[in-house]
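Close look at the chain arrangement
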4 protein chains.
Amino acid sequence: MNHVQQMLATHPRQSGTDPSALAECIQECFACAQACTSCADACLGEQAHVEHLVRCIRLNLDCADVCDATGRVLSRQTEADPGVIRAQLQSCAVACKACGDECARHAEGMGMEHCRVCAEACRRCEEACTRLLRAA
Amino acid sequence: MNHVQQMLATHPRQSGTDPSALAECIQECFACAQACTSCADACLGEQAHVEHLVRCIRLNLDCADVCDATGRVLSRQTEADPGVIRAQLQSCAVACKACGDECARHAEGMGMEHCRVCAEACRRCEEACTRLLRAA
Amino acid sequence: MNHVQQMLATHPRQSGTDPSALAECIQECFACAQACTSCADACLGEQAHVEHLVRCIRLNLDCADVCDATGRVLSRQTEADPGVIRAQLQSCAVACKACGDECARHAEGMGMEHCRVCAEACRRCEEACTRLLRAA
Amino acid sequence: MNHVQQMLATHPRQSGTDPSALAECIQECFACAQACTSCADACLGEQAHVEHLVRCIRLNLDCADVCDATGRVLSRQTEADPGVIRAQLQSCAVACKACGDECARHAEGMGMEHCRVCAEACRRCEEACTRLLRAA
């Protein structure tokens, strides 16, 4: 068990949500927040290319903030409000889709490897949010 | 002009959004994030009453995180993605409504003054998000 | 009284800290987090100039994150740990000084008005942190 | 390679810092932010015991915010300011020590398993920050 799973397993209250789907989504939110923070910075460091990466940096920053909030909300089990969680999961899936699509374009078109790694993190997070929305 | 309005007025790119509605919503998001962080802590400090305030603390923490992310996303004007902004505004309105309702209950039922101040911050932020969603 | 002062005034526990110096520092942290988030984005939108603003964007993003964390830590009164608060205030003063200096250079050298507004927010936050460190 | 290491390996700029020590510290900051967010919530859900866990919840919330900011600052390689990074690493080590000590007390005294898991995350993060400070 990783630390997310251990924290859920030792929590005094269990939500109805499938713990393995929940643990996966929490992990993907934190991983995507990190990847997007790092990709915004890597794009900013791409000297000659930075002007072509402005939209990518913008979406990376938004996606990092949205994933961070979502990972925190999902990490809480006590007295959860399903409507709050649902709305934030939907927003997270939208932000990850927009950012993942933009990163994937630069991975293909410009061979940006950090965008390729980040696009994968966005896809995994988007899918984990969608799975949790269906399960909830 | 306050600092939010000054930052918007000096920004090289103008989104189509009404700048005064946008500035108001940014301010309310940051104000609500602060009030909710403070109210969670004030509830935690209500020694004999803390067990009755568990749901309030939980919603305060969620609302602070969601408002923080929303205030950051809205503070950006460059290459904005309307779908990302819209989904986060919707989530923010939901979190503010849930938290504001819970705080209002404790303001009335238990005379909790910090909950009354926080409920007002939540209402103002919820309304600012709803206005921006209508305008966008 | 603004909302920060109202939240402090209605809190069940009072720290030893001077409430007006504390309220001012909390406000400046949230204001600086907003200004730096907005200035990073405004710099990113300065099409021909973005390559000269890379260091400014980087410092804006760091300063926004550090101010955000500091504003949250200071908003809490219950069972405060003076060492934790002190270390975070010191880090916040360092981040605000670095970012404020960089923004001031672009306000003067390139006439960047958003950098001028942001440099003022950084200076006010740095001073508020320094005052609180002296008072604590 | 995990995603943090991949993001560092594909970044166009390399800081002088040892990449494996840096990657480890970034990971521990995000892991500790998650564990502390979850532990604050688990403590809040410990119905009969919550009044004994007030200081633990407070420190968990502070530590989550400080680790989050530190993880973001460290994820950036472009135009890094060593003084800003150093001050935030020092603050993070202080917050992790305070929170880890408090969690360890409840793990031993009250058999709180979530506090035991969280104390380990705090220790690992504190050590990773200290190692990076020595290396920098």
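Residues numbered from 1 in each chain as written. Chains lettered and ligands numbered in written order. Predicted model: local features only at pLDDT ≥ 70, side-chain atom pairs only at ≥ 80, totals over all residues.

**A short note on the relation of the copies chain C and chain D**
- With an RMSD of 0.0 Å, chain C superimposes on chain D once it is rotated by 180° and translated 0.0 Å along the axis. The operation mapping one copy onto its partner corresponds to a two-fold rotation axis.
- When the interface residues of chain C are mapped onto chain D, 100% of them again lie at the interface, so the same face is used by both copies. (Least-squares fit on C-alpha atoms with pLDDT ≥ 70 in both. Contact = placed C-beta atoms within 7 Å.)

**Description of the interface of chain A and chain D**
- Listed as interface residues are 32 residues of chain A and, on the opposing side, 32 residues of chain D.
- Those elements that place two or more of their residues in the side of chain A that touches chain D are α1 (3–9), α2 (19–44), α3 (54–74) and α5 (113–135) of chain A.
- With eleven residues, α2 of chain A is the single largest residue contributor to the side of chain A that touches chain D.
- Partitioned by chemical class, the residues of the side of chain A that touches chain D number twelve nonpolar, 13 polar and seven charged. (Helix = DSSP H or I, 4+ residues; strand = E, 2+ residues; numbered from the N terminus. Nonpolar A, V, L, I, M, F, W, Y, C, P; charged D, E, K, R; others polar.)

**Focus: the interface of chain C and chain D**
- Between chain C and chain D, the residue contacts involve 25 residues of the former and 25 residues of the latter.
- Broken down by secondary-structure element, the contributors of at least two residues to the side of chain C that touches chain D are α3 (54–74) and α4 (82–109) of chain C.
- Residue classes in the side of chain C that touches chain D are distributed as eleven nonpolar, five polar and nine charged.

**What to know about the confidence of the model for chain A**
All names here are of chain A.
- Across chain A, the average pLDDT comes to 96, with 99% of residues at 70 or higher.
- Across chain A, the element-wise mean pLDDT spans from 95 in α1 up to 98 in α3.
- Both confidence scores are given for the complex: pTM 0.98, ipTM 0.97. (pLDDT = per-residue confidence, 0-100.)

**Overview of the nonpolar core**
- Formed by 224 residues in total, the largest nonpolar core has its most connected members in C32 of chain A, C32 of chain B, C32 of chain C together with C32 of chain D.
- Among residues more than four places away in sequence, those in contact with C32 of chain D are C63, C67, C96, A121, C122 and C125 of chain D. (Core = buried A, V, L, I, M, F, W, Y, C linked by C-beta atoms within 7 Å. Buried ≥ 20, exposed ≤ 12 C-beta atoms within 10 Å, placed from the backbone.)

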